[in-house]
Amino acid sequence: MLSPATFRPVLAGLCLLLLNLTACGSGESNVVSGNRDGILHYGNGSEPQGLDPHVVTGVPENHIIRALFEGLAVKNPKTLEPEPGVAERWEFSDEGRIITFYLNPGARWSNGEQVTASDYVWSWHRALHPETGNEYAYMLFPVVNAEAYLKGQVTDFDEVGVKALDDTTLQVTLNAPTPYFIQLMDHYSTFAVHPETLLKFGKMTDRYTPWTRVGNIVSNGAFKLKEWSLNRRIIVEKSDQYWDRDRVSLNGVVFYPTENVVSEERMFRAEQLHYTQVVPLDKIPVYRELPDTPYIQAPYLGTYYYLINTKRPPVDDVRVRKALSMSLDRDKLVRTVLQHTAVPAYSITPPNTLGYYPPKRFDFDPDQARQLLAEAGYPNGEGWPGLEILYNTQEAHRKIAVAIQQMWKSELNIDVTLSNQEWKVYLDAVTQIDFQVARRGWIGDYVDANNFLDLFITDGGNNNTHYSDPIYDDLILYRAPKAATREERYRLFTEAESMLMDEMPIIPIYTYTWKHLIHPSVEGMYPNLMDSLNLKYVRLVSDRHLPEALR
Amino acid sequence: MLRFILIRLLQALPVILVVITATFFLVRSAPGGPFDQEKVVIPEVKRALEAQYRLDLPLHEQYFAYLGDLAQGDLGPSFKYPGRSVNEILFSGLPVTAELGLYALLIALSIGVLAGVLASLRPNTVQDYIPMSLAMIGICMPSFLLEPLLVLVFGIWLDWLPITGWGDIPGDKILPSITLGAAYAAYIARLSRAGMLEILSQDYIRTARAKGLSEFRVVTKHALRGGLIPVVAFLGPAFAGLLAGSFVVETIFQIPGLGRFYVQAAFNRDYTMILGTTVFLSTLIVFFNIVSDVVAAWLNPRLRGQLGGGR
């Protein structure tokens, strides 16, 4: 039956398939063709959940959505101060409680229609609607009755403080003066969507209609969606309707879901990418040594810290908490385990958060730590009941926990055990405050100390420590928002943050940094605390190459 | 034969139902849910999300609703990727993963059968030891080790082949196919060696040789058909395994296939996605097992008789 004659077509088929394996095309690298055609090849970390601004959360989503859409105001990539987006200007009145946005009459949707103030009212209605399930709805909570509407206490959206006075005038009424509110206009959860497009595919509050697909989506940003191949790439091209199109230099951007950091770095070296989302830790020392290195690192608006359950012994005693924190040699940790890719932190807010510097209430001081521990009843670690550090299963967290375990053993002579849990199990434990000490990170949504300090108000959803102090709550919730000047407000924040660090419900460990590899042909990507990129400022220059050592 | 196939298909249904039920309830018993995030979600928002995805119903109602949808071929919306249905994600990744699996299998077959047959012709000589030692190494070496080695040598040192992508740059399909196929090539080599050794000692092979046939004809015309039965039996599960097991290869080579979703769905607690991929892959495994049983029966007349099929 299996005679050579029957084999022949099978063999021919096999040969064809193998030929397909080695199919031919052009051999030019993405960087070379991209520089010529104005196409940026961008490593974006992972496949986005989706492109609906009121539905998704996450950093890769943010990069693509902010290429496709534009908010009322955008952040200047150098200073992070707000600059005009859809709104060409805005005015504060009633001591900062009312903001009037004057929309640019030239702002257009990608289908040519004008972006109007009523589009914003409709979109914020959607963002705040109880049925939408927008996880970032709280971004709009400074607006009068926004929170009440989401929680069903107010059912008429007319009572929410956002009104379209005419096509180009949007009036927003806030509960209290909110200095960072303009910044929030650059967050995708406050973006406008095109009402008619959404309604063509479903109800206003539907989460899973195909309105964001190629051919369906209507957006108002510098770029429009051209291709979306799941887990392969997303291509956006320059929009000819964008009001500031003359400033846009790129003709398009290709976003790659570069999940594997090692592969991403290899793609960069092979000139398949202009930009990587991260850099593998073990490659960083090599890149640092290069002359004209493409490696860029800068502080990031995020803090890595340990949560402490202030109701569970032995860490219910503030002296124990302080002893633990003071016996950590953060400089050494950053130098060794973290390869200088972090900045030691002694408080929760990152330094220079729009001009705010947190107080430093303690330092690495093993002698005082030992004394505090003795006062708490554990001289030289005697009688220590044990302590467990919880972290989510990941090599980087384990390394840090092991180093900290060693430091506490050698400085305080106490034994600490480590426990790791899978991500969602760990989240469950943190939410239930079912731990003694747990690893945590917080990345700011906007550049303001409030974003870090309001975590620790009584029963805050992300407090997770049982820390509660009415004076602290009063400072953060009532006194700081009413401060007349930025200096006054920062003074109140300093007061609150000092109180927090004196009680030590968290052990701050380090401030994050972001790291990218950026090809020398890319211009207009500025380092800033938010790692915020505005693609309309990016330009590609031909005839620049990677350092010889990388090729 | 037809009756045999029918019986096997009917037996498969309860197996798949058990898989669905076990997966459904196991997934739900895992701590944490699809909407748990590092930044805590407002309770009202979480309730709205659960209502949109039917998670507010009692568990048994969700189960029967799911079975109802499944009977109509609807695997539900993905939790992690709002706007995409599980069907859509599966069928966008399947062609790529199937293509990768197919190439890997072809590579595995061509290398494996060749090595196995060569080894079986001169057992316990160098011609046997070398391919079989290589096969042992192939079985032992995980793809996350083989991949960097191949990439280093062929992608970076020699600069012959692209190191990521799928169908973007010429030749980018070669390294992933080899990486994925290597372990299977090793299994196939061992299986075909064992099968061939048994057949080559049979009387009818001696007869064929006595007729004066060349060794090449003896092997290709007479011995191979019987000797490769174990390989054929292995192919069905192997192909299903290739589809389900391509996660590592797909991630490191940036291939837009199915394997990535399969593993991530579990971490994301993307309930419908976990169920969809599990149901889909278990159905495939059951199906390929039936196919390989049928092919084995077709290759082996003795088995065919025992099955009491349609003569």
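About the thresholds
Residues numbered from 1 in each chain as written. Chains lettered and ligands numbered in written order. Predicted model: local features only at pLDDT ≥ 70, side-chain atom pairs only at ≥ 80, totals over all residues. Helix = DSSP H or I, 4+ residues; strand = E, 2+ residues; numbered from the N terminus. Buried ≥ 20, exposed ≤ 12 C-beta atoms within 10 Å, placed from the backbone. Contact = placed C-beta atoms within 7 Å. Nonpolar A, V, L, I, M, F, W, Y, C, P; charged D, E, K, R; others polar. Axes fitted to C-alpha atoms, helices over the stretch in contact; angles between N-to-C directions. Parallel < 35°, antiparallel > 145°, perpendicular 65-115°, else oblique. Left-handed = near helix turned anticlockwise from the far one by under 90°. Pairing = 2+ DSSP bridges. Core = buried A, V, L, I, M, F, W, Y, C linked by C-beta atoms within 7 Å. Expected span 1.5 Å × (residues − 1).

In terms of regular secondary structure, chain B is built from 14 helices and 0 strands. Secondary structure elements of chain B occur, N-terminal to C-terminal, as α-α-α-α-α-α-α-α-α-α-α-α-α-α. For the C-alpha atoms alone, the extent of chain B along its principal axes is close to 85 × 60 × 30 Å. The 311 residues of chain B split such that 42% are buried. In chain B, of all internal contacts separated by at least 6 residues, the share reaching a separation of at least 24 is 74%.

A word on the interface of chain B and chain A. Each side of the interface is counted separately: chain B has 43 residues, and chain A has 51 residues. Every element with two or more residues in the side of chain B that touches chain A is listed here: helix H2 (43-52), helix H4 (86-121), helix H7 (174-200), helix H9 (215-227), helix H11 (247-252) and helix H12 (259-268) of chain B. Tallied by class, the residues present in the side of chain B that touches chain A amount to 23 nonpolar, 11 polar and 9 charged.

All names here are of chain A. Note on placement: Asp-543 falls in the segment after strand E18 (539-540). Looking at Asp-543, the number of C-beta atoms within 10 Å reads 8, which means it is exposed. Residues Asp-543 and Arg-36 lie 507 residues apart in sequence; the distance between their C-alpha atoms is 9.6 Å.

Turning our eyes to something else, we now look at the packing of H7 of chain B against H9 of chain B. All names here are of chain B. Running from amino to carboxyl end, H7 crosses H9 at an angle of 125 degrees, the nearest separation of the two axes being 8 Å. Taken together, the axis directions place H7 and H9 in an arrangement best described as oblique. H9 is crossed by H7, and the crossing has right-handed handedness. Residues Ser-192, Gly-195, Met-196, Ile-199 and Leu-200 of H7 pack against Ala-223, Gly-226 and Gly-227 of H9.

Looking now at the sheet that holds strand E7 (residues 169-173) of chain A. All names here are of chain A. Sheet architecture is open: 4 strands sit in the order E4-E5-E7-E6, paired in antiparallel fashion. Here the strands that pair on one side only, and so sit at the sheet edges, are strand E4 (87-93) and strand E6 (162-166). Across the sheet, the axes of successive neighbouring strands diverge by a mean angle of 20 degrees, strand direction being ignored.

The nonpolar side chains of a soluble globular protein tend to be buried, and buried together. Membership of the largest hydrophobic core comes to 225 residues, with the highest contact counts inside it found for Val-253 and Val-437 of chain A together with Ile-188 of chain B. Of the residues forming this core, the biggest block, 16 residues, is contributed by H4 of chain B.

This part is about helix H17 (residues 486-503) of chain A. Residue and element names in this part refer to chain A. For H17, which comprises 18 residues, the first-to-last C-alpha distance of 26 Å matches the rise-based estimate of 26 Å (1.5 Å per residue) to within 8%. All of the buried residues in H17 are Arg-489, Leu-492, Phe-493, Ala-496, Glu-497, Leu-500 and Met-501. Here the buried face of H17 lies against helix H15 (450-453) and helix H16 (470-479). Phi turns positive, to about 50 degrees, at Met-504, one or two residues after H17.

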